Amino acid sequence: MDNCLAMFVFILGTCLGSFYNVCIVRYLKGESVFWPGSHCPVCKHRLSWWENIPLLSFLLLRGKCSRCKAKISWLYPCVELIAGILTLALYWKFGMGLEFFLYTILFGILIVASFIDLQSFILPDRLTLSGGILALGFSFWLPVGPKMGFLGAGSGFLVFWSIQKGYKWLKGQEGLGGGDVKLMIMLGAMVGLSGLPVLIFASAVFALLGSVFFWLQGKTIQAKTPIPYGPFLSLAAILYVLAGDVALDLFHKIL
Ligand SMILES: [Zn+2]
């Protein structure tokens, strides 16, 4: 593989990550995505070009605003790095074609939705529902195919809707957010009906590991402490798209 092109794809991914950061932060603050330009949230200092380079600026600035020295959240470089790695992984898996572009859009929506969910416990409808429509439309051109895509979306939604209603009926409280139920339309369309059991199982394992991580960090997890489930579902779907075939092969060999 051409190293130069791979480098370019990674940098492109980190630039996309930079845009995702803008979407995440401005959604949480209720600001417009396109106006005003990038600025420090504390002193409103307009960022110059060298303060706006994905990953590098955070290192150059040592995680602080150049004017007021306010700390810059480590989530910014984190999102840029994740976007860079995932874009590169998509290029590795699918090459530079239609699939690469379609999955890049879907992964972008999942990254933005996940980081909003992590910080606010909200999965915005405008992301989950438009993501669902896009994923269903894209399924005509993606390996999953429209039949499996539509069946996956419908079943995923129904399964999570039943769990949500059932839990509420049994316990009298919300166990699963409505946003997760709507997100399943998009994820079901991405992994297809046959990928749905793997998606649900893997996301549950990731959520469990995530809770242990929160717990180790000293955040007391009580029975009622909610953890955002959207990021774990998204992670499972992304890994399924990238390595589902490899994982299933391995699974069949072991059994
Ligand atoms: Zn500042």
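Residues numbered from 1 in each chain as written. Predicted model: local features only at pLDDT ≥ 70, side-chain atom pairs only at ≥ 80, totals over all residues.

**Student:** Honestly, the environment of Leu12 in this entry has me stumped. Any pointers?
**Tutor:** Mapped onto the elements, Leu12 comes out in helix H1 (residues 3-29). The class for Leu12 is partly exposed, based on 17 C-beta atoms found within 10 Å. Taking the C-alpha atoms as reference, Leu12 lies 9.6 Å from Pro54; in sequence the two are 42 residues apart. (Helix = DSSP H or I, 4+ residues; strand = E, 2+ residues; numbered from the N terminus. Buried ≥ 20, exposed ≤ 12 C-beta atoms within 10 Å, placed from the backbone.)

**Student:** Could you clarify how one ought to interpret the environment of Phe157 in this entry?
**Tutor:** Assignment of secondary structure puts Phe157 in helix H6 (residues 146-171). Along the primary structure Phe157 and Ser139 are separated by 18 residues, whereas in three dimensions their C-alpha atoms are 17 Å apart. Not counting chain neighbours up to four residues away, the residues in contact with Phe157 comprise Val181, Met184, Ile185 and Gly188. (Contact = placed C-beta atoms within 7 Å.)

**Student:** Looking at this structure, how should I read the packing of helix H4 (residues 98-120) against helix H5 (residues 125-138)?
**Tutor:** For any two helices packed against each other, one specifies the inter-axial angle together with the distance between the axes. Across the interface, H4 lies against H5 with an axial gap of 10 Å and an inter-helix angle of 160°. One element, H4, and the other, H5, form an angle in the roughly antiparallel class. Where H4 crosses over H5, the two elements pack in a sense that is left-handed. Contacts between H4 and H5 pair Leu102, Ile105, Leu106, Ile109, Val112 and Ala113 from the former with Leu127, Thr128, Gly131, Leu134, Ala135 and Phe138 from the latter. (Axes fitted to C-alpha atoms, helices over the stretch in contact; angles between N-to-C directions. Parallel < 35°, antiparallel > 145°, perpendicular 65-115°, else oblique. Left-handed = near helix turned anticlockwise from the far one by under 90°.)

**Student:** Please clarify how unusual backbone geometry should be interpreted in this entry.
**Tutor:** Peptide bonds are mostly trans, and most non-glycine residues show a negative phi. Phi is positive for Arg62, close to 50°, though the residue is something other than glycine. With respect to the element layout, Arg62 can be found in the loop between helix H2 (56-60) and helix H3 (75-94). With phi around 65°, Lys69 is a residue other than glycine that occupies positive phi space. Under the C-beta neighbour-count criterion, Lys69 is labelled exposed, with 12 such atoms within 10 Å.

**Student:** What's the story with the nonpolar core in this structure? I'm lost.
**Tutor:** Inside soluble globular proteins, nonpolar side chains tend to come together where they are buried. Among the nonpolar cores identified, the biggest contains 58 residues, and Leu106, Ile111, Val112, Leu187, Met190 and Ala237 are the most heavily contacted of them. Those elements that place two or more of their residues in this core are H1, H3, H4, H5, H6, helix H7 (178-216) and helix H8 (230-254). Tallying contributions element by element places H7 first for this core, with 12 residues. In contact with Leu187, not counting residues within four places along its chain, are Gly156, Leu199, Leu233 and Ala237. (Core = buried A, V, L, I, M, F, W, Y, C linked by C-beta atoms within 7 Å.)

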